[in-house]
Amino acid sequence: MDRADMLIKLKGKLSPKRYVHSIGVEYTAAALAMTHGEDVNRARLAGLLHDCAKGYSNEEKLKKSLKYGLPVSDVERENPDLLHGKLGAYYAKNKYGVTDQGVLSAITYHTTGHPDMSLLDKIIFVADYIEPNRKMIFELTEIRKEAFSDLDKAVVHILKNTLEYLDGKHVVIDEMTEKTYRFYVRKG
Ligand code: DGI
Ligand code: FE
Ligand code: FE
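Throughout what follows, the structure given in this document is the object of discussion. (Residues numbered from 1 in each chain as written. Chains lettered and ligands numbered in written order. Predicted model: local features only at pLDDT ≥ 70, side-chain atom pairs only at ≥ 80, totals over all residues. Heavy atoms only, no water.)

**Things to note about a positive patch on the surface**
A surface patch of positive charge is lined by Lys 13, Lys 63, Lys 67 and Lys 95. The topology assignment puts Lys 95 in the loop between α6 (84-94) and α7 (101-108). Lys 95 gets classed as partly exposed once you look at its relative accessible area, which sits at 41%. (Patch = residues over 30% accessible without salt bridge, like charges linked within 9 Å, V, L, I, M, F, W, Y side chains within 5 Å. Areas by Shrake-Rupley, 256 points an atom, 1.4 Å probe, with all protein chains shown as cover. Salt bridge = Lys/Arg side-chain N within 4 Å of Asp/Glu carboxyl O. Lys, Arg positive; Asp, Glu negative; His and termini not counted. Charge placed at Lys NZ, Arg CZ, Asp CG, Glu CD. Helix = DSSP H or I, 4+ residues; strand = E, 2+ residues; numbered from the N terminus. Buried < 20%, exposed > 50% of the residue type's maximum accessible area, 1.4 Å probe, protein only.)

Quick look at the structure:
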């Protein structure tokens, strides 16, 4: 599917805000790919589609994930929004014709990250957080700078702030988010 068709399809699936965010992630991922030496088109594709399953309700996310035979953990069952990466990769493959496994991985893991991410995984993880349409979050200016100077540092910084934010909200934290954080703290 070409980009124009993807845009039409995405627009029908997402709220206007989420659609604008997706295009913001597309171009931010492209800029990070230029900086860090990743293929720009792969970064754009993963960025554009990363939230393609975000528009469904939590109930639908869970139902569809089970229907498609995707693995659902207890934490995901309790908090089905965590499934939109995995479900998004499923749609990217089956509805948008994406065959690049690296792109599908970046979509799958964009919310929690995972230990030892590929360059493309990290670019999408970071682009999602820093894209220009994001409302100002704590230390975002600093994280945006780090994203273009030291990508791993930006990954740690984002995970640290996300874990603190989730801690304050008293929600269950996915063990992948914590594993990713520990991996990159140790690496750094
Ligand atoms: O889909 P976006 O809003 O663009 O961004 P995202 O895919 O990073 O999702 C952000 C949400 O995911 C935010 O509300 C925090 C939440 N989140 C991230 N890690 C975890 C988490 N929620 C839980 N319960 N556990 C996590 O480990
Ligand atoms: Fe997301
Ligand atoms: Fe997003």
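**Regarding the coordination of the iron ion (ligand 2)**
When four donors bind a metal tetrahedrally, each ideal donor-metal-donor angle is 109.5 degrees, and when six bind octahedrally, the ideal angles are 90 or 180 degrees. Protein ligation of the iron ion (ligand 2) involves Asp 51 (OD), His 84 (NE2) and His 110 (NE2), the donor distances falling in the range 2.1 to 2.2 Å. Spacing between the donor residues of the iron ion (ligand 2) along the chain follows D-x32-H-x25-H. The metal-metal distance between the iron ion (ligand 2) and the iron ion (ligand 3) is 3.5 Å, with Asp 51 coordinating both. Separated by 59 residues along the polypeptide, Asp 51 in the loop between α3 (40-49) and α4 (58-67) and His 110 in the loop between α7 and α8 (119-130) bring together distant segments of the chain. Comparing Asp 51 with His 110, the two get one shared label, buried. (Donors = N, O, S within 2.8 Å, 3.2 Å for Na, K, Ca; no water.)

**A word on the environment of Ser 65**
Looking at the secondary structure, you find Ser 65 in helix α4. When the C-alpha atoms of Ser 65 and Lys 86 are compared, they prove to be 8.1 Å apart, with 21 residues separating the residues in sequence. Apart from residues no more than four positions distant in its own chain, Ser 65 is found in contact with Leu 70, Val 72, Leu 83 and Leu 87. (Contact = heavy atoms within 4.5 Å.)

**A word on the site of ligand 1**
Around ligand 1 there are 18 residues in total, and Asn 79, Thr 111, Val 172, Asp 174 and Thr 177 lie nearest to it. At a separation of 2.9 Å, an oxygen atom of ligand 1 approaches a polar side-chain atom of His 110. Contact between ligand 1 and Asp 174: an oxygen atom at 2.8 Å from a main-chain N or O atom of the residue. Contact with the protein chains covers 84% of the free accessible surface of ligand 1, which is 580 Å². When residues of the shell around ligand 1 are traced back to their parent elements, those giving at least two are α2 (16-36) and α10 (151-169). Partitioned by chemical class, the residues of the shell around ligand 1 number five nonpolar, seven polar and six charged. (Near = heavy atom within 4 Å. Polar contact = N/O pair within 3.5 Å; in protein donor to acceptor, adjacent residues only side chain to side chain. Nonpolar A, V, L, I, M, F, W, Y, C, P; charged D, E, K, R; others polar.)

**Points about helix α1 (residues 3-13)**
For α1, the set of buried residues is Met 6, Leu 7 and Leu 10. Take α1 and look down its axis: the buried residues cluster within an arc of 100°, on one side only. Of the exposed residues in α1, those oriented more than 90 degrees away from the buried face are Ile 8 and Gly 12. For α1, the secondary structure elements touched by its buried residues are α2 and α3. (Arc of directions from axis to C-beta.)

**Observations regarding the coordination of the iron ion (ligand 3)**
The protein atoms that coordinate the iron ion (ligand 3) are His 21 (NE2), His 50 (NE2), Asp 51 (OD) and Asp 128 (OD), at distances spanning 2.1 to 2.2 Å. Between consecutive donors of the iron ion (ligand 3), the numbers of intervening residues give the motif H-x28-H-D-x76-D.

The values reported here are purely geometric and, on their own, carry no functional implication.
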